[in-house]
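Structure assessment
Spelled out from the first residue to the last, the chains are:
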Amino acid sequence: MVFGSLAPSEPPSAGRGIEYYVQQTKIARVERMRKGFGACHIYASSASNVKMSIDGLEEKLARCRQSVEEVDLKLRREKLSSEGRKSLERERNLLMTKADNYEKELSTLRKENRKNAALAVAVGLLIALIYACWMM
């Protein structure tokens, strides 16, 4: 049987009854649907990877911001030598740069996540449209 064909490879006149032909047509439809859902499974795993990346980056960003707050607190409360203050300010600037990079990467991943969601909706609508046309 060729993928994408609407009917089994044997016509009903090949010595088998019409019931056999109808049964084989239904089986062919189910096989095509399973192959289509396999592609959706691949998409779903990709989308979940993006979501896991977003979650991981949000945790890193939260830890980074917490570290910045701790450094700020040390700068305000403790009496430090000029060398110690400069070191903490460099650390703070490094952490702020890191946080900015995390935010940029998060915005990129969220944009990709929105694209994936739009693609999922489009694929779902396409499947529904094909199914509706097929059942007419």
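It should be emphasised that the depicted structure is a prediction, and the values quoted were computed from it without experimental measurement.

**Describing the overall build of the protein chain**
The number of helices and strands found in the protein chain is 2 helices and 0 strands. For the protein chain, the residues scored as buried account for 16% of the 136 residues in total. Look at the contacts in the protein chain between residues 6 or more apart in sequence, and 64% of them connect residues 24 or more apart. Roughly 10400 Å² of accessible area belongs to the protein chain as shown, and the carbon and sulfur atoms make up 58% of that amount.

**Regarding the confidence of the model for the protein chain**
Per-residue pLDDT for the protein chain has a mean of 78; in total, 65% of the residues score no lower than 70. Across residues 1–8, confidence stays below pLDDT 50; counting only partners more than four residues off in sequence or on other chains, it has 17 contacts.

**Some remarks on the pattern of salt bridges**
Within the structure shown, the criterion is met by 4 salt bridges. The partner of lysine 51 in a salt bridge is aspartate 55, with the nearest N and O atoms 3.6 Å apart. Taken together, the residues lysine 51 and aspartate 55, both in helix H1 (residues 18–77) and 4 residues apart, mark about one turn of the helix. Relative accessible area serves as the criterion here: at 43%, lysine 51 is assigned to the partly exposed category. Judged by relative accessible area, aspartate 55 falls into the partly exposed class, the value being 31%. A salt bridge links arginine 110 to glutamate 58; the shortest N-O distance between them is 2.5 Å. A residue pair is termed long-range when its members are at least 10 positions apart, and arginine 110 in helix H2 (residues 82–134) and glutamate 58 in helix H1 qualify at 52 residues.

**Section: the environment of alanine 99**
Secondary-structure assignment places alanine 99 in helix H2. Since its relative accessible area comes to 5%, alanine 99 is described here as buried. On a C-alpha basis, the gap between alanine 99 and lysine 60 in space is 8.5 Å, while along the polypeptide they are 39 residues apart.

**Side note on a nonpolar patch on the surface**
On the surface, Leu119, Val123 and Ile127 cluster together into a nonpolar patch covering about 210 Å² of accessible area. You can call valine 123 partly exposed: its relative accessible area is 30%.

**Here we look at the environment of isoleucine 54**
Along the chain, the position of isoleucine 54 falls in helix H1. Through-space distance from the C-alpha of isoleucine 54 to that of glutamate 105 is 8.8 Å; in sequence the pair is 51 residues apart. The residues contacting isoleucine 54, other than those within four sequence positions of it, are Leu106, Leu109, Arg110 and Asn113.

Reading the values: rules and limits
Residues numbered from 1 in each chain as written. Predicted model: local features only at pLDDT ≥ 70, side-chain atom pairs only at ≥ 80, totals over all residues. Heavy atoms only, no water. Helix = DSSP H or I, 4+ residues; strand = E, 2+ residues; numbered from the N terminus. Buried < 20%, exposed > 50% of the residue type's maximum accessible area, 1.4 Å probe, protein only. Contact = heavy atoms within 4.5 Å. Areas by Shrake-Rupley, 256 points an atom, 1.4 Å probe, with all protein chains shown as cover. pLDDT = per-residue confidence, 0-100. Salt bridge = Lys/Arg side-chain N within 4 Å of Asp/Glu carboxyl O. Patch = residues over 30% accessible without salt bridge, like charges linked within 9 Å, V, L, I, M, F, W, Y side chains within 5 Å.

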